Amino acid sequence: MNIKAIISEMTLEEKLAQMSQFNANCLDTTASGEVTGPASELNLTASEVKATGSVLNFTGALEMIRIQEKFLENYSIPLLFMQDVIHGYRTIYPIPLGMAASFDTDLVKRCSTMAAKEASASGVHVTFTPMVDIVRDARWGRCMESAGEDTYLGCVMARAQVEGFQGDFKKPYNIPACVKHFAAYGAAVAGRDYNAVEIGEQPLFEYYMPPYKAAVDAGVEMVMTSFNTTNGIPSSANKWLVDEILRKEWGFDKLIISDYNAIGEMQMHGYSSGEKQSAMEALSAGTDIEMMSSTFLKSIPALIDEGKITMEQVDRAVERILRLKEKLGLFKNPYKNADAKKAERLYLSKPHKALCKEAAEKAAVLLKNDGVLPLNKDKKPSLLIAGPYADMGMIGFWSCCGREDEAKGVYTVFRKALGARKVAFAKGADGALNAEPDKAMILEAKRRARNKDAVILCLGEASGMSGEGNSRANIEPSEAQLELLKAVKSVNDKVIVVIYSGRPLALTKVEKYASAIIEMWQPGTMGAEALSSLVFGEANFEGRLPQSFPRHVGQCPIYYNRMNTGRPKLDDGDFTKMYISQYLDVENTPLYPFGYGLSYTSFSVSPITLSKSALCENEGDFITASVTVKNTGKVRGVANIQLYIRDLVASVVRPVKELKAFKKLSLMPGEEKTVDFKIEKDMLAFYNRELKRVCEKGDFMLFIGQDSDTANSAKFSLV
Ligand code: BGC
């Protein structure tokens, strides 16, 4: 197909329409052509909105086919349909933060492919996934969408999602992914969404940029620029980041789209004096599609007349858009894989639900267990299922067309497992963000908790308390929840707390009263079934934290790959020393560190053996670091062996530990296996002051253990 020839015959208006994206419902104008509803806010004429090149947010194959059919009556280039398919389309798997906790790239890939199948049958051509923003501040609501605080984990999760959605583009259900939000959106000051990002260039490159790069290297078809300013420049206008780094240095010549009205918001930031400047800046930086604002449509004709923008710039953007449409085969079949009946067959189908259950089990993290878990199902224990989230589906923010009522609540599932007579229910607390204790509800829960073999208390936060725009200054469970926990604990010693959350919560007070704590995240369609398998020991826990859980919100931002400082504090509980880097009232350490998670079995990890103690700078050289891992408990379990490195002296100070590899291995009781890691030069590289990735000779510490707290170490050098 001769794309260039098509472009040469397009009018400027037609080109700019391709470069604009609106919500699908903006295309619905009245019969008289009058612009109403959402479109009217865009201040555009009906024909300007209707001629658009792509849409977002629609409800499925039927709507997609209807819109596309109507559109093609008047226009010849088919629309592209985009959607936020973040953790499933209709069958919902855990939020991405939970998926990262699985440390299982194969699982993430399989789930992404499952989502692609449902989405493509529902008419979706592009998903706005993966979100790979590194986040170190649990106050930020969009922790839930990311892979957490670690750059390495962020990279492998980014790659797995791109591969899962896009495949090799040979199957009808392979859909382009769009990595977002470029760049550093997760570093919003004080964890407040849309806030400015103020960051040195070295840490920007070292910690925040690699996951976007990993997605680009994995062949991602699109990049979305972020809402935030980085050091004063809005991303969509950031020529340095978008043009110099992303386009030129990384060689990304595919589609770039702005975030929702992000170009429009340049004025509100105080960066642009009007729509004309916004359009000029965004196009010059490299944006091809403007989402939900109309500065391109309105201002580019004048900018061309004034010689501030060239037709070549416009044509380049249009070419990228048409190339994607061609790649998807839309010129031949504008409906692609859309098929409402096929979609219905896939939604909540047996294999999709089974995969979601597997994912929810593998994402769950056992944070504490004094021995109360697992419960013995054969003994038919009597249970109280309580808490504000005990009888509802917990599918999480950004759950696309997923429905809460299609996910069972914990009470329903446990009653089925043990029989109605064995299982009582009490809500015990309201689920609102700042809910106050309710005496009557607490009394009822207390009464029902007495004489039960155990209580399962479902606390945390509702789906809508994390996600976009949902930052929190207080990340503890509400007073109502904490009082309920205390009350129930006063009459029953076995309280198993289940936490639902889209971020790390501060669980210090919960820890004090709970016999066991299970972090379920927002687990999706099969969350309650997965919880039941875990509680009864039919499945074992293998999830590990992808983000540190603080003791107190005042520690945020908190992350394991911190600097040592010149006056480090020892973790010895001694607060009497003066003039060291500490808080007077809280330890520096998190309550639960990155990489942490328990199992129903235990593992021993041997001291590290190295194949040699010096790594040569020469290409191809490596050291093999080995440990023997043994299952020292009574049941089968999956160990997650993590390798961290510290560069002891460098021209830019390096963190106390950085994750460089991990391996999961399944072991039967008593079984042991040797795990080998290849230590290569690239693992020692970092960005120096000139922003060049370099390796510096010298000594390194290597840590291999079960979480980021591990002290199991060996020393080697680069010579
Ligand atoms: C979000 C993006 C999302 C877009 C389209 C924005 O508000 O920041 O992540 O892809 O909306 O729904």
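Nothing here was measured: the structure is a model prediction, and the numbers come from that model.

Observations concerning the site of the ligand
Here is step 1 of the chain: In the vicinity of the ligand lie 13 residues, with Asp84, Arg142, His181, Asp259 and Glu468 positioned nearest.
Here is step 2 of the chain: Within the side chain of His181, one N or O atom sits 2.6 Å away from an oxygen atom of the ligand.
Here is step 3 of the chain: At 2.6 Å, a side-chain N or O of Asp259 approaches an oxygen atom of the ligand.
Here is step 4 of the chain: Across the complex, the protein chains shield 95% of the 310 Å² of accessible surface that the ligand would expose by itself.

Focus: the packing of aromatic side chains
Here is step 1 of the chain: Summed over all chains, the structure comprises 22 aromatic pairs.
Here is step 2 of the chain: Here Phe182 and Trp250 contribute two aromatic rings whose centre-to-centre distance is 5.9 Å and whose plane-to-plane angle is 75°, an arrangement assigned as edge-to-face. You can see Phe182 sitting in strand 5 (residues 178–182) and its partner Trp250 sitting in the loop between helix 11 (239–249) and strand 9 (255–257), a full 68 residues away along the chain.
Here is step 3 of the chain: Looking at Phe182, the relative accessible area reads 1%, which means it is buried.
Here is step 4 of the chain: On the basis of an interplanar angle of 15° and a centroid distance of 4.6 Å, the ring pair of Tyr560 and Phe594 is categorised as stacked. Here the residue Tyr560 occupies a position in the loop between helix 22 (527–535) and strand 17 (603–605), and Phe594 occupies one in the loop between helix 22 and strand 17, the gap between them amounting to 34 residues.

With respect to the pairing of strand 22 (residues 658–667)
Every regular strand shows the same layout, with side chains that alternate between the two sheet faces.
Here is step 1 of the chain: The element strand 22 is extensively covered by neighbouring structure, given that 7 of its 10 residues are classed as buried.
Here is step 2 of the chain: Judged from the 9 bridges that link them, strand 21 (residues 637–647) and strand 22 form a sheet pairing that is antiparallel. Considered in strand 22, the bridge of Val638 is made with Ser666.

Concerning the nonpolar core
Here is step 1 of the chain: Among the nonpolar cores identified, the biggest contains 123 residues, and Met19, Phe182, Met209, Ile300 and Val314 are the most heavily contacted of them.
Here is step 2 of the chain: Setting aside anything within four residues of it in sequence, one finds Phe182 in contact with Met209, Tyr212, Val223, Met224, Thr225, Ser226, Ser235, Leu241, Val242, Leu246 and Trp250.
Here is step 3 of the chain: Counting 50 residues, the second largest nonpolar core, distinct from the first, contains Leu97, Met131, Val495 and Leu507.

Some details on helix 18 (residues 410–418)
Given 3.6 residues per turn, any residue in an α-helix points the same way as the ones three and four places further on.
Here is step 1 of the chain: Within the sequence span of helix 18, burial applies to Val410, Tyr411, Val413, Phe414, Ala417 and Leu418. Taken around the axis of helix 18, the buried residues stretch over an arc of 165°, which confines them to a single face.
Here is step 2 of the chain: Against the buried residues of helix 18 lie strand 12 (383–386), strand 13 (423–426), strand 14 (454–460), strand 15 (495–500) and helix 22.
Here is step 3 of the chain: Immediately beyond the C-terminal end of helix 18, within one or two residues, lies Gly419, with a positive phi of roughly 95°.

The rules behind these values
- Residue positions are counted from 1 within each chain, in the order its sequence is given.
- Given that this is a predicted model, residues contribute local features only at a pLDDT of at least 70 and side-chain atom pairs are listed and counted only at 80 or more, while totals for whole chains, interfaces and linings are drawn from all residues.
- Computation of side-chain values: all heavy atoms of the structure, hydrogens and water removed.
- Proximity is defined per residue: if any heavy atom of the residue lies within 4 Å of a molecule or strand, that residue is considered near it.
- Polar contact is defined as a pair of N or O atoms within 3.5 Å, subject to the rule that within protein one atom must be able to donate a hydrogen and the other to accept it, and that residues adjacent in sequence are counted only when both atoms are side-chain atoms.
- The Shrake-Rupley method, run with a 1.4 Å probe sphere, supplies the accessible areas, and residue values consider only the shown protein chains as cover.
- Only Phe, Tyr and Trp rings are paired, with Trp represented by its six-membered ring, and only when their centres lie within 6.5 Å; those with planes under 30 degrees apart are stacked, over 60 edge-to-face, the remainder tilted.
- Going along the chain from the N terminus, every DSSP run of H or I of four or more residues is numbered as a helix, and every run of E of two or more is numbered as a strand.
- Throughout this description, buried means an accessible area under 20% of the type-specific maximum (1.4 Å probe, protein chains only), exposed means over 50%, and partly exposed covers the range between.
- DSSP-based pairing: two strands are paired if at least 2 bridges between them are found.
- Only buried residues count toward a nonpolar core, which is a set of Ala, Val, Leu, Ile, Met, Phe, Trp, Tyr and Cys residues joined through side-chain atoms within 4.5 Å.
- Whether two residues are in contact is decided by their heavy atoms: any pair within 4.5 Å suffices.
- Each C-beta atom gives one direction from the helix axis, and the arc is the one those directions make.

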